[in-house]
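Inside the fold
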Amino acid sequence: MAVRRVATTLLVGLVAVAGCGLAELGDDVDVGDAPQCEAARTWPVGFTEAEEDLVTLIADLRDSGGMCGDTELPGVGDLELVPALRCAARLDATDRATNDDIDQNSDAVESAFTRVNLAGYEGIVRHQLIAADYFEAVTLFDAWMGSPEHCAAMLDKNLAHIGIGRSSAGDGDGTVWVVFTGEERD
């Protein structure tokens, strides 16, 4: 049985998926135009579908609100799926899976801020949520709902943007999810 790991939320304030062992690749998802995002363009169809499942779960939560620990938070509205954040999330997830490292303060992976800036994101990063060894979006979502910090991050009323990436190490193990959220610059 895999041990599930969830990293803490980073409040703010390149590696392709080579040899991932998944047969069907798609390239119909917009990841922006930054040169390094080319590595995030062709992605396993199953990973893309899982990313979209998580987007739907978060969108439903944001519509209805929810209990985050002992605190009930109201619905806060929609998020825009931003290609540059999706690029950054996919590349970050791949880097973390390859390095088996979900520590947000690790020196082994590029910083979230650097990665998001290089992907061309023009907003302000608010949160980076990271989890490893969750294969289904709903299982990860349920775990985050059980964490008051992660739940509150998903229901942050200041958010306007989201990007989600799911990747794994070359052997198919070490599945990592990364979610970047952001807000408009004034």
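Provided above is the structure to which this section pertains.
Let's talk about the overall build of the chain
Scanning the chain from terminus to terminus reveals six helices and 10 strands. Looking at the 186 residues of the chain, the share that counts as buried comes to 48%. Approximately 8600 Å² of the chain is accessible, and the part contributed by carbon and sulfur atoms is 49%.

A look at the state of the cysteines
Throughout the structure, instances matching the rule amount to two disulfides. Each sulfur of the disulfide joining Cys37 and Cys87 lies 2.0 Å from the other. Between Cys37 and Cys87, the disulfide has an S-S torsion of -95° and is therefore left-handed. Pair noted here: Cys37 is in the loop between strand 3 (25-26) and helix 1 (38-41) and Cys87 is in helix 3 (residues 83-99), with a separation of 50 residues, a long-range link.

Some details on the pairing of strand 8 (residues 124-132)
For strand 8, the tally of buried residues reaches seven of nine residues, placing the bulk of the element in the interior. Of the pairings in the sheet, the one linking strand 8 to strand 10 (residues 176-183) comprises eight bridges and is antiparallel in character. Bridging from a neighbouring strand, Ile130 pairs with Val178 of strand 10.

Topic: the packing of helix 2 (residues 45-64) against helix 5 (residues 137-145)
Running from N to C, helix 2 and helix 5 cross one another at 40°; their axes reach a closest spacing of 9 Å. Crossing angle aside, the handedness with which helix 2 passes helix 5 is right-handed. Together, Ala50, Asp53, Leu54, Leu57, Ile58 and Leu61 of helix 2 and Ala137, Val138, Leu140, Phe141, Trp144 and Met145 of helix 5 make up the contact between the two elements. Counted by class, the contact of helix 2 with helix 5 contains 11 nonpolar, no polar and one charged residues.

As for unusual backbone geometry
Of note in the backbone geometry, Asp100 takes a positive phi value of approximately 50° without being a glycine. Inspection of the secondary structure puts Asp100 in the loop between helix 3 and helix 4 (112-118). Phi angles above zero are rare outside glycine, and Asp133 is one such case at about 70°. Along the polypeptide, Asp133 turns up in the loop between strand 8 and helix 5. For Asp133, a relative accessible area of 12% corresponds to the buried category.

Considerations on the environment of Asn117
Summarising the element assignment, Asn117 is placed in helix 4. For Asn117, a relative accessible area of 51% corresponds to the exposed category. Placed 32 residues apart in sequence, Asn117 and Leu85 show a C-alpha to C-alpha distance of 9.3 Å.

What to know about the nonpolar core
One finds Cys87, Val116, Tyr121, Val176, Val178 and Phe180 to be the most contacted residues of the largest nonpolar core, which totals 26 residues. Of all the secondary-structure elements, those providing two or more residues to this core are helix 3, helix 4, strand 8 and strand 10. For this core, the element with the highest residue contribution is helix 3, accounting for eight residues. In terms of nonpolar packing, the next biggest core, distinct from the first, is built from 20 residues, Ala50, Leu61, Cys151 and Ile162 among them.

Regarding the pairing of strand 9 (residues 161-167)
Of all seven residues in strand 9, seven are buried, a share of seventy percent or more. With burial as the criterion, each face of strand 9 is covered, one bearing His161, Gly163, Gly165 and Ser167 and the other bearing Ile162, Ile164 and Arg166. Inspection of the sheet shows strand 7 (residues 80-81) paired to strand 9 by two bridges, in the parallel sense. Following the sheet pairing, Leu81 is matched in strand 9 by Ile162. As paired elements, strand 9 and strand 10 share seven bridges and run antiparallel to each other. Paired with Gly165 across the two strands is Val178, which belongs to strand 10.

Rules of the game
Residues numbered from 1 in each chain as written. Predicted model: local features only at pLDDT ≥ 70, side-chain atom pairs only at ≥ 80, totals over all residues. Heavy atoms only, no water. Helix = DSSP H or I, 4+ residues; strand = E, 2+ residues; numbered from the N terminus. Buried < 20%, exposed > 50% of the residue type's maximum accessible area, 1.4 Å probe, protein only. Areas by Shrake-Rupley, 256 points an atom, 1.4 Å probe, with all protein chains shown as cover. Disulfide = S-S within 2.5 Å. Pairing = 2+ DSSP bridges. Axes fitted to C-alpha atoms, helices over the stretch in contact; angles between N-to-C directions. Left-handed = near helix turned anticlockwise from the far one by under 90°. Contact = heavy atoms within 4.5 Å. Nonpolar A, V, L, I, M, F, W, Y, C, P; charged D, E, K, R; others polar. Core = buried A, V, L, I, M, F, W, Y, C linked by side-chain atoms within 4.5 Å.

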